[in-house]
Amino acid sequence: MTFTPNQAPRPTRRFFLQAGLAVPALGYLPAARAASPNGKFRTAHIGVGGMGGADLNSIASHAQVEVAALCDVDSDRLAAAGAKHTGARRFKDYREMLSELGDQVDGVVVSTPDHTHAPAAMTAMLQGKPVYCQKPLTHEVFEARQLRTVAKDKGLVTQMGIQVHSSAPYRRAVQMIQTGVIGPVSQVFAWSNKNWGYDGGPLTNFQSPPASLDWDLWLGTAAEREFVPSAYHPGNWRKMIDFGTGTLGDMGVHIFDTPYAALELTAPRWAMTTSRPPTHVGHPERNVVRYEFPGTKHTTDKLIWTWYDGNWAPPELDLDLPRDWGISSLQLPGQGALFVGEGGLMLLPHVGEPVLMPETKFSGAARPEVANGNHYHEWVDACRGEGKTSAGFDYAGPLTEALLLGVVANRFPDQRLMWDADDLRVTNLAAANELLRSTYREGFAVAGL
Ligand SMILES: NC(=O)c1ccc[n+]([C@@H]2O[C@H](COP(=O)([O-])OP(=O)(O)OC[C@H]3O[C@@H](n4cnc5c(N)ncnc54)[C@H](O)[C@@H]3O)[C@@H](O)[C@H]2O)c1
């Protein structure tokens, strides 16, 4: 396989916002928050079925939280969540909810399908609200850059929903890598045996949406189309290019998080996917994505990251390990990451304790004591002025941009996409730049996106 860039660089316009020019005025003003009468932190939740239900429970478990409002485009799901939070106002359109409640809300939780993360989060942020947003931060690279920029410009407390980021095993793995236990890391392999892809052709089984679902609002910013049962709502939208980000965006963001944080990676130099030819309908069911990152103080002069997904993962890894390590085979879990250092290996199952290899070499290695954090409460506390979040959009933005570059790359199999993060553009394949952002449907425009 060769990695030759196949097209000459072509300049594209700079998308991203300059400091101080963050958002054109569109009638949204940062809301001066009226203190809640009981001193509680009042939350509004967008998407309350599926993971949104779990997010709602976890946020509501904070003693200082009052669930003020619930929003879902599926009335059955809204009713189920509402039955548990009887004091909360109910809405089906988040724009109406945020506009009507204004300063009666202190923070917003976004747990919708991926394509609605950015429009919902940005709408809240433009009103000056702190946001907890599910992963991956956005559906598109451009959106990730914009959320991060606006959060920074407005000084908002943010957190991306990668709750395992705060778990003791992942925190321990970060510390161990950063103390140099396996030496400079040259490669990371990561994989998920989940299959959030769809290799079939265009969908044709059109039917009326269920009575409980407002299909137009579910589509939101995406182009209009007819409803197909079991293809989109709930959950399966992940497989479709217009709504989800495939297994790489879905699971990769969890599994890549620890290497990204531990190695203090920045923007990749390039990404390249090996997968079937694009169908323009679904994400590939089987993907290999390779990235090169510039070296950091925890790596060799560059870091190669290779991702495998689909039912065939974990793959046989072709590793050239020193003979005296005595490692002849590796037992890999269904999902996880393997750090390859100059002095050893670290296997990080998803989700589990880091394992150092060769075992004989590391039998006495120190394992730092770290506490399990509560990722959700960390956000609430930070919003209330106590501590900081660990996966704010300053961190989640670049992590998501890197992952989404791989998602774009799977539309151009076997082509290395050379990446200029400063200019937010692929320098050698103009067609790839067209996929960094999409046009929002008329009536769903959001300032800054
Ligand atoms: N952090 C994790 O471990 C984890 C696990 C699962 C899912 N997720 C993330 O959570 C998000 C939701 O995934 P899911 O599996 O729950 O999907 P889902 O389709 O099961 O649920 C999405 C919910 O959002 C509602 N919704 C859709 N569009 C909406 C809109 N415009 N306004 C209000 N509500 C809307 C749906 O009706 C539904 O209740 C995704 O971003 C996914 O990546 C994260």
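Residues numbered from 1 in each chain as written. Predicted model: local features only at pLDDT ≥ 70, side-chain atom pairs only at ≥ 80, totals over all residues.

**Student:** I'd like a description of the overall build of the chain, backed by residues and values.
**Tutor:** Secondary structure assignment for the chain yields 13 helices and 15 strands. Relative to a compact globule of 449 residues, whose C-alpha radius of gyration would be 22 Å, the chain shows 22 Å and is just as compact. Seen through its principal axes, the chain has C-alpha atoms that stretch 65 × 50 × 45 Å. The burial tally for the chain puts 51% of its 449 residues in the buried class. (Helix = DSSP H or I, 4+ residues; strand = E, 2+ residues; numbered from the N terminus. Rg over C-alpha atoms; globule rule 2.2 N^0.38 Å. Buried ≥ 20, exposed ≤ 12 C-beta atoms within 10 Å, placed from the backbone.)

**Student:** A description of the site of the ligand should follow, citing residues and the corresponding values.
**Tutor:** In the vicinity of the ligand lie 29 residues, with G47, G49, G50, M51 and P234 positioned nearest. Of all the secondary structure elements, the ones that give two or more residues to the shell around the ligand are α1 (51-60) and α7 (215-219). Residue-level mapping places the shell around the ligand at the junction of two domains, with at least three residues from each of domain 1 (1-27 + 163-372 + 396-449) and domain 2 (41-162 + 375-395). (Near = placed C-beta within 6 Å. Domains from an automatic or database assignment.)

**Student:** Mind laying out the sheet that holds strand β6 (residues 158-161), listing which residues take part and the relevant values?
**Tutor:** Strand order across the open sheet formed by six strands is β3-β2-β1-β4-β5-β6, with parallel pairing between neighbours. Looking at which strands have only one partner, the edges of the open sheet turn out to be β3 (89-91) and β6. Ignoring which end each strand starts from, the neighbouring axes of this sheet average 20° apart. The sheet contact formed by strand β1 (residues 41-46) and strand β4 (residues 107-110) spans four bridges and is parallel. Counterpart to I46 in the pairing with β4 is V110. Strands in contact with helix α11 (residues 375-383) are β1, β2 (65-71), β4, β5 (131-134) and β6; relative to β6, the strand with the most contacts, it is inclined by about 170°. (Pairing = 2+ DSSP bridges. Axes fitted to C-alpha atoms, helices over the stretch in contact; angles between N-to-C directions. Contact = placed C-beta atoms within 7 Å.)

**Student:** Describe the pairing of β6, with residues and values.
**Tutor:** Side chains T158 and M160 of β6 all project onto a buried face; the interleaved residues Q159 and G161 project onto the opposite face, where all are buried too. The pairing of β5 with β6 spans four bridges and is parallel. Residue pairing in the sheet places Q134 in a bridge with G161 of β6. As a crossover connection, the stretch from β5 through helix α5 (residues 141-154) into β6 is right-handed. (Right-handed = clockwise from strand over helix to strand, strands pointing away.)

**Student:** Could you give an account of the packing of helix α3 (residues 94-101) against helix α4 (residues 117-126), with specific residues and numbers?
**Tutor:** Look at α3 against α4: their axes get within 10 Å of each other, and the N-to-C directions meet at 10°. Here α3 is positioned roughly parallel relative to α4, judged by the angle of their axes. Across from Y94, R95 and L98 in α3, the residues of α4 making contact are A120, T123 and A124. When the residues that make up the contact of α3 with α4 are grouped by side-chain class, the tally is four nonpolar, one polar and one charged. (Parallel < 35°, antiparallel > 145°, perpendicular 65-115°, else oblique. Nonpolar A, V, L, I, M, F, W, Y, C, P; charged D, E, K, R; others polar.)

**Student:** Can you explain the packing of helix α6 (residues 168-178) against helix α9 (residues 252-262)? Please cite residues and give values.
**Tutor:** At a closest axis distance of 9 Å, the pairing of α6 and α9 adopts a crossing angle of 35°. Like other packed secondary-structure pairs, α6 and α9 cross with a definite hand, here right-handed. Mapping the contact onto sequence places Y170, A173, V174, I177 and Q178 in α6 and T258, A261 and A262 in α9. (Left-handed = near helix turned anticlockwise from the far one by under 90°.)

**Student:** Go over the domain arrangement of the chain with me, naming the residues and quoting the values.
**Tutor:** It is common to give the size of an interface as the accessible area that goes away when the parts come together. Here the chain is partitioned into domain 1 (1-27 + 163-372 + 396-449) and domain 2 (41-162 + 375-395). Those elements giving two or more residues to the side of domain 1 that touches domain 2 turn out to be α7, α9 and α12 (393-409). Of all the elements, α12 adds the most residues to the side of domain 1 that touches domain 2, at nine residues. Among the residues forming the side of domain 1 that touches domain 2, the class breakdown is 27 nonpolar, 15 polar and five charged.

**Student:** If you had to explain the nonpolar core to someone new, which residues and values would you point to?
**Tutor:** Grouped together as the largest cluster of nonpolar side chains are 115 residues, with contacts concentrated most on A121, I177, F339, M346, V408 and L417. If one sorts the elements of this core by residue count, α12 sits on top with 11 residues. Both domain 1 (1-27 + 163-372 + 396-449) and domain 2 (41-162 + 375-395) contribute no fewer than three residues apiece to this core. Setting aside residues up to four positions removed in sequence, I177 forms contacts with V185, A262, L263, H298, F339 and M346. The next biggest cluster of nonpolar side chains, apart from the first, holds 11 residues, and it includes Y198, W218, Y232 and I241. (Core = buried A, V, L, I, M, F, W, Y, C linked by C-beta atoms within 7 Å.)

**Student:** Can you tell me about α11, naming the residues and giving the values?
**Tutor:** Where α11 is concerned, the buried positions are H375, Y376, E378, W379, V380 and C383. The elements touched by buried residues of α11 are β1, α1, β2, β4, β5 and β6. One or two positions beyond α11, positive phi appears at G385, with a value near 90°.

**Student:** So what about the sheet that holds strand β7 (residues 185-192)? Which residues, and what values?
**Tutor:** The strand order across the open sheet built from nine strands is β13-β12-β11-β7-β10-β9-β8-β14-β15, with neighbouring strands paired in mixed fashion. Two strands close off the open sheet at either side, each with one partner strand: β13 (355-357) and β15 (425-426). Here α6 sits on the sheet and contacts β7, β11 (335-341) and β12 (344-349); the angle it forms with β12, its principal contact strand, is near 165°. Taken strand by strand, α9 contacts β7, β10 (299-309), β11 and β12, and its axis lies near 160° from that of β7.

**Student:** A description of unusual backbone geometry should follow, citing residues and the corresponding values.
**Tutor:** With an omega of 0°, the peptide bond running from A313 to P314 counts as cis. Residue placement: P314 occurs in the loop between β10 and β11. Following H350, the chain continues to V351 via a peptide bond in cis, the omega torsion being 0°. Mapping V351 onto the fold places it in the loop between β12 and β13. In this structure, E264 takes a positive phi of about 50° despite not being glycine. Locating E264 in the fold gives a position in the loop between α9 and β8 (270-274). A residue is classified by how many C-beta atoms lie within 10 Å of it, and E264, with 14 of them, is partly exposed. Positive phi outside glycine occurs at L424, with the angle close to 50°.

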